Protein chains: 2
Amino acid sequence: MSKGLPKRSEDYSLWYNELVKKADLAENSAVRGCMVIKPYGYSIWEKMQAELDRMFKETGHTNAYFPLFIPKSYLSKEASHVEGFAKECAVVTHYRLKNAEDGSGVIVDPEAKLEEELIVRPTSETVIWSTYKNWIQSYRDLPLLVNQWANVVRWEMRTRLFLRTAEFLWQEGHTAHASKEEAMAETVQMMNVYAQFAEEFMAVPVVKGRKTENERFAGADETLCIEAMMQDGKALQAGTSHFLGQNFAKAFDVKFATKEGGLDHVWGTSWGVSTRLMGALIMAHSDDNGLVLPPKLAPIQVVIVPIYKGEEQLNAISEKAYEMMTALRKVGVSVKFDDRDTHKPGWKFAEYELKGVPLRIAIGPRDLENGTIELARRDNLTKSSFDLSSEPIEVMIPRLLDEIQQGIYEKALNFRTEKTTEVNSWEEFQDVLENKGGFVSAHWDGTSETEDKIKELTKATIRCIPLDQKEEDGTCILTGKPSTGRVYFAKAY
Amino acid sequence: MSKGLPKRSEDYSLWYNELVKKADLAENSAVRGCMVIKPYGYSIWEKMQAELDRMFKETGHTNAYFPLFIPKSYLSKEASHVEGFAKECAVVTHYRLKNAEDGSGVIVDPEAKLEEELIVRPTSETVIWSTYKNWIQSYRDLPLLVNQWANVVRWEMRTRLFLRTAEFLWQEGHTAHASKEEAMAETVQMMNVYAQFAEEFMAVPVVKGRKTENERFAGADETLCIEAMMQDGKALQAGTSHFLGQNFAKAFDVKFATKEGGLDHVWGTSWGVSTRLMGALIMAHSDDNGLVLPPKLAPIQVVIVPIYKGEEQLNAISEKAYEMMTALRKVGVSVKFDDRDTHKPGWKFAEYELKGVPLRIAIGPRDLENGTIELARRDNLTKSSFDLSSEPIEVMIPRLLDEIQQGIYEKALNFRTEKTTEVNSWEEFQDVLENKGGFVSAHWDGTSETEDKIKELTKATIRCIPLDQKEEDGTCILTGKPSTGRVYFAKAY
């Protein structure tokens, strides 16, 4: 197959869009800003979901499901929350269509107007806290540790597949606690879960940090985040965990009888990751030949392609292939045997490269004679011959997959290290942003005004105040005012 | 805990509603007709999803995701489809809120009106077939076997938790085929998958059949279904599988190059089950003490409750309990040890009865001495003492769970057999419907008019023309016209 992908170095943005489509991950739908997640793309998302869901359950959370629709008045109950979301809400106003009297088709029935308009959830804090009011009476009902897998809608004007779409899939955790300390510990814990998932499964290194007030979630007292670095030197916010204080508890009057006999508002958190992670996964690792998938999230980890002429050769190769498949499946490796006679091996090789299958095994008649297979790694595009008598395949392949997983992570980590620059002057700051990109570690005076001004001048935002920030006296790159530690700036998705 | 459930025999409908709420399965939300699925209810739904998803994948299907919104004009492209759904569509007309000028809160921004209104999907045939147009060019692209797990919205006026809600969760399979025969085979296959799931996992026996034209899916040439019998003698449609013919392919111009070099419209199917299955599960088995869950879908299969006075006794019992838990978990049994000191054993017993946990183990100091446990079965409410030396617990418990699963199924099957009556006259028909309920097997003249008339007179509908219908000459119970086989009538949910 001809891949016809643009080169990353020539047009990164076009490369990304084309790759998402050509690798059968997603495409735009007829509805502006809404995507179709295609089977191959969805199978990667399913693997992400399975691991995240396991991690949520291991940390004591259970899943539930809350309504898609939010009464308009609910959204308004938390002042900064409605401020943050009102401008991008899809609004349901009617509940019926009818045939137009002029026979021109169906129209919205003006008589079927809702008494109160409904918002399609952009996030579920309001509908969930209105429910928690009935679930929580006493400290015995706490903590309440709930997660939801759902679709949400934010009417974005400029959309990009996976990165910014009007509808997207995500999970949103919503927890309620008896104390500020416990809620804060939960906020930190879930940021750590996200970081662990990003690094161990997606093979994407992340910086953990706090958001500045400007970048905080609408309704939160504190937003923790993980920030990843893409191959074009732009940052991508990969997950956020919010400490909500008592804001939503106050807005929805959620109080509990304390152990000590008092009555207090509940403390809350919320945290989420979305199909945006798909964008991060693609942009962090893939190359001009197509996707590069970390083995832990690859729907197909190994593909076996027979090289043959005639049925007799195919039969002999198939026998070997089935034997290997059985051995590999027993140790949990997902493997596909592509014996289609409609496509040539070269076409198949290109296809699996495009789809990011970590390991490709080719077997020809000579391999059968010699007891070898040809092994091709997707991550570094190397090929080698493997002697099957030297080591059981069910030992070698899992080890190699681990090595690839680790290698992809290290490559991304080295890239990020190389793309992280400490600067100490405004000139340097501008120069790095313009010519090198990446994270720029710099001093900032701590004010929103300065942050806004820097964004206006350079398009760079403060990605986070890193959790491992070192105390260091310095002066703000823009204003020269004193600062006690560096923050990470970057242009971002 | 006090269950305070109404009795089934006194008010079945109230019993159901109260059970759903008290067992923490679901509750009504602030949005009319939309429910909150609570953690315990959702964990049962997750078990259903996992099994169904496995069965879909084993039959060659993959998951994907299509947009929540459907342009209004799409819905109209298939004439009978829009006819069927137009009256219950939630319509998005605007995409932004703004602050009211009088300071009264947020209002819908009249300037943010959509050019074309969007329907919140009531089902996804239209948006999916508009996508398939680009995915299908040749017979090589077929069959296309896709499933989606999603939320859908149908603006129902009279709603009931799980059974009929404005928003519900479901899966919808949408497949495309090169021939009529293949599409029909798929339609039959998926009905069989649903029947197998209902009987093997839900322990609910079902009748497989065809719907009459009146009851067919809007846009289908044929609808196959599985019909279950509830304890109040009403039928419940538990799943449908539709043969769409070329209707949607024609509406969305989906053609393919045939193997023979021609060009033809694609043949389609769609099939779905929803959170309605939760209603069926509850109503088929539960009793006046609460839920009765088949072990294969029970989130907790075994609960261990310690009976103790003082810490020393609790420690000794805990040791035994952990030993048993380890052994049971190794063989895949989900088990919970409830050692909370905030509730008495009797309270816990009642709680786990309400929640439908299939097996309860109680251990007291005397049990420890004697090497016994007390075993209580939820399905038949029997208790017995089990001598731990007589058989390894990891053998006994799984066998007992299988026995319970089978027993629940047989009880439901016997009930359905008892509630299925063949009648041969209009008087008999009315009498059975009124005084006995259940399925009424009767002759019908095959016309929609007669079916409508019978519905009008008795509220009973034809649930299905059973697939195993025997050829038998008879006369229609209403019109006396000739008929060649019996169909199943019932009042239904």
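Residues numbered from 1 in each chain as written. Chains lettered and ligands numbered in written order. Predicted model: local features only at pLDDT ≥ 70, side-chain atom pairs only at ≥ 80, totals over all residues. Heavy atoms only, no water.

- If you look chain A up in an unreviewed UniProt entry, it shows as Proline--tRNA ligase from Algoriphagus zhangzhouensis.
- As recorded by UniProt, the Function (unreviewed entry) comment attached to chain A reads in full: "Catalyzes the attachment of proline to tRNA(Pro) in a two-step reaction: proline is first activated by ATP to form Pro-AMP and then transferred to the acceptor end of tRNA(Pro)."
- You can read under Catalytic activity (unreviewed entry) in the UniProt record for chain A the words "tRNA(Pro) + L-proline + ATP = L-prolyl-tRNA(Pro) + AMP + diphosphate". (UniProt positions renumbered as here; feature names shortened; annotations may be inferred.)

1. Some remarks on helix α2 (residues 39-58) of chain A
Then, number 1: Given a rise of 1.5 Å per residue, 20 residues ought to cover 28 Å, and the 28 Å separating the end C-alpha atoms of α2(A) matches this to within 8%.
Then, number 2: Positive phi shows up at A:G60, right after α2(A), with a value of about 90°. (Helix = DSSP H or I, 4+ residues; strand = E, 2+ residues; numbered from the N terminus. Expected span 1.5 Å × (residues − 1).)

2. Quick word on the packing of helix α2 (residues 39-58) of chain B against helix α6 (residues 180-200) of chain B
All names here are of chain B.
Then, number 1: For the pair α2 and α6, interaxial distance at closest approach is 11 Å and the crossing angle is 145°. In this structure, α2 meets α6 at a crossing whose hand is right-handed. When α2 is examined against α6, the residues M48, E51, L52, M55 and F56 are found in contact with a partner set consisting of M190, V193, Y194, Q196 and F197.
Then, number 2: Each residue belonging to the contact of α2 with α6 can be placed in one class, and the counts come to 8 nonpolar, 1 polar and 1 charged. (Axes fitted to C-alpha atoms, helices over the stretch in contact; angles between N-to-C directions. Left-handed = near helix turned anticlockwise from the far one by under 90°. Contact = heavy atoms within 4.5 Å. Nonpolar A, V, L, I, M, F, W, Y, C, P; charged D, E, K, R; others polar.)

3. Side note on the pattern of salt bridges
Residue and element names in this part refer to chain B.
Then, number 1: Enumeration according to the criterion identifies 57 salt bridges over all chains in this entry.
Then, number 2: For K133, the salt bridge is made with D253, and the minimal N-O distance between the two is 3.2 Å. Remark: D253 occurs in the loop between α7 (247-251) and β14 (255-257) and K133 occurs in helix α5 (residues 125-135); sequence separation between them is 120 residues.
Then, number 3: Residues joined in a network through salt bridges with shared partners are D24, E27, K38, D338, R340, K348, E351 and K355. (Salt bridge = Lys/Arg side-chain N within 4 Å of Asp/Glu carboxyl O.)

4. So, the pairing of strand β12 (residues 222-229) of chain A
All names here are of chain A.
Then, number 1: Of all the 8 residues making up β12, 8 are buried; the element is thus mostly covered by neighbouring parts of the structure.
Then, number 2: Residues E222, L224, I226 and A228 of β12 are buried on one face, and the alternating residues T223, C225, E227 and M229, pointing to the opposite face, are buried as well.
Then, number 3: Pairing analysis gives 4 bridges linking strand β11 (residues 207-210) to β12, with the strands arranged antiparallel. Bridging from a neighbouring strand, V207 pairs with E227 of β12.
Then, number 4: Both β12 and strand β13 (residues 235-245) contribute to a ladder of 8 bridges, which runs antiparallel. (Buried < 20%, exposed > 50% of the residue type's maximum accessible area, 1.4 Å probe, protein only. Pairing = 2+ DSSP bridges.)

5. Focus: the sheet that holds strand β24 (residues 461-466) of chain B
Residue and element names in this part refer to chain B.
Then, number 1: Strand order in the open sheet formed by 11 strands is β3-β9-β10-β16-β13-β12-β11-β24-β27-β23-β22, and the pairing between neighbours is mixed. Edge positions in the open sheet fall to β3 (62-63) and β22 (420-422), since each of these has one partner strand only.
Then, number 2: With 4 bridges connecting them, strand β23 (residues 439-443) and strand β27 (residues 486-490) associate as antiparallel partners. The residue of β27 that forms the bridge with H443 is R486.
Then, number 3: Across the face of the sheet, helix α8 (residues 276-285) comes into contact with β13 (235-245) and β16 (267-274) while running at roughly 145° to β13.

6. Notes on the state of the cysteines
All names here are of chain B.
Then, number 1: Tallying each qualifying case throughout the model produces 0 disulfides over all chains.
Then, number 2: Cysteine C464 remains unbridged, with the sulfur of C225 as its closest cysteine sulfur at 4.7 Å.
Then, number 3: Here C464 falls in the buried class, since its relative accessible area comes to 0%. (Disulfide = S-S within 2.5 Å.)

7. A closer look at the sheet that holds strand β21 (residues 383-387) of chain B
Residue and element names in this part refer to chain B.
Then, number 1: Taken in spatial order, the 5 strands make up an open sheet running β18-β17-β19-β20-β21, and their pairing is mixed. The open sheet has two edge strands with one neighbour each: β18 (335-337) and β21. On average, each strand axis in the sheet is inclined to that of its neighbour by 25°, with strand direction left out of account.
Then, number 2: For strand β19 (residues 359-363) and strand β20 (residues 372-377), the ladder comprises 4 bridges, and the chain directions are antiparallel. Pairing of I361 across the sheet is with L375, part of β20.
Then, number 3: In the packing of helix α9 (residues 310-330) onto the sheet, contacts are made with β17 (302-306), β18, β19 and β20, and the angle to β18 comes to roughly 170°.
Then, number 4: In the packing of helix α12 (residues 393-418) onto the sheet, the strands contacted are β17, β19, β20 and β21, and the crossing angle to β20 comes to about 15°.

8. Examining the packing of helix α1 (residues 12-22) of chain A against helix α8 (residues 276-285) of chain A
Residue and element names in this part refer to chain A.
Then, number 1: Put simply, α1 and α8 touch, their axes get as near as 11 Å, and they point 120° apart. Here α1 and α8 pass one another in a crossing that is right-handed. Contact with α1, carried on its side by Y12, W15, Y16, L19 and V20, involves G279, I282 and M283 of α8 and no other residues of that element.
Then, number 2: Here the residues of the contact of α1 with α8 sort into 7 nonpolar, 1 polar and no charged.

9. Quick notes on the domain arrangement of chain A
Residues and elements named next belong to chain A.
Then, number 1: Structurally, chain A comprises domain 1 (12-285), domain 2 (302-400) and domain 3 (420-490).
Then, number 2: Each of domain 1 and domain 3 has a C-alpha centre, and the two are 29 Å apart.
Then, number 3: In this complex, domain 1 contributes 17 residues to the contact, which on the side of domain 3 involves 16 residues.
Then, number 4: Interface area, domain 1 with domain 3, both sides summed: about 1400 Å², of which 59% is carbon and sulfur.
Then, number 5: As a salt-bridge pair, R463 and E227 come within 2.9 Å of each other at their nearest N and O atoms.
Then, number 6: Connecting domain 1 to domain 3 are 9 residue pairs in polar contact (both at pLDDT 80 or more). (Domains from an automatic or database assignment. Buried area = accessible area lost by both parts, 1.4 Å probe. Polar contact = N/O pair within 3.5 Å; in protein donor to acceptor, adjacent residues only side chain to side chain.)

10. Brief notes about the pairing of β19(B)
Residue and element names in this part refer to chain B.
Then, number 1: With respect to burial, β19 is a largely interior element, 5 of its 5 residues being buried.
Then, number 2: Burial along β19 is two-sided: L359, I361 and I363 facing one way and R360 and A362 facing the other are all buried.
Then, number 3: Bridge analysis of β17 against β19 gives 5 bridges, and the strand direction is parallel. Bridge pairing links V305 to A362 in β19.

11. Section: the interface of chain B and chain A
Then, number 1: Taken together, the contact pairs 60 residues of chain B with 60 residues of chain A.
Then, number 2: Buried surface at the junction of chain B and chain A, both sides included, amounts to about 4900 Å², of which 68% is carbon and sulfur.
Then, number 3: Area buried by chain B at its contact with chain A is led by B:Y65, B:Y95 and B:L97, which between them contribute 14% of it.
Then, number 4: One can count 2 salt bridges joining chain B with chain A.

12. What to know about a negative patch on the surface
Residues and elements named next belong to chain A.
Then, number 1: Together, E427, E428, D431 and E434 make up a negatively charged patch on the protein surface.
Then, number 2: Note on placement: D431 falls in helix α13 (residues 426-435).
Then, number 3: The exposure class assigned to D431 is partly exposed, which follows from its relative accessible area of 43%. (Patch = residues over 30% accessible without salt bridge, like charges linked within 9 Å, V, L, I, M, F, W, Y side chains within 5 Å. Areas by Shrake-Rupley, 256 points an atom, 1.4 Å probe, with all protein chains shown as cover. Lys, Arg positive; Asp, Glu negative; His and termini not counted. Charge placed at Lys NZ, Arg CZ, Asp CG, Glu CD.)

13. Concerning the relation of the copies chain B and chain A
Then, number 1: Rotating chain B by 180° about the axis while translating it 0.0 Å along that axis superimposes it on chain A, leaving an RMSD of 0.0 Å. Here the symmetry operator amounts to a two-fold rotation axis. Judged by C-alpha distance, B:V92 is the residue of chain B that lies nearest the rotation axis, at 2.1 Å.
Then, number 2: When the interface residues of chain B are mapped onto chain A, 100% of them again fall at the interface, so both copies present the same face. (Least-squares fit on C-alpha atoms with pLDDT ≥ 70 in both.)

14. Observations concerning unusual backbone geometry
Then, number 1: Omega for the peptide link from A:L142 to A:P143 comes to -5°, which places this bond in the cis form.
Then, number 2: The phi torsion at A:F162 lies on the positive side, around 70°, for a residue other than glycine.
Then, number 3: Considering the arrangement of structural elements, one finds A:F162 in the loop between β9 (144-153) and β10 (167-177).
Then, number 4: Judged by its relative accessible area of 2%, A:F162 is buried.
Then, number 5: Backbone geometry at B:D24 places phi at a positive 60°, although glycine is not the residue there.
Then, number 6: Assignment of secondary structure puts B:D24 in the loop between α1 (12-22) and β1 (26-28).
Then, number 7: The class for B:D24 is partly exposed, based on a relative accessible area of 27%.

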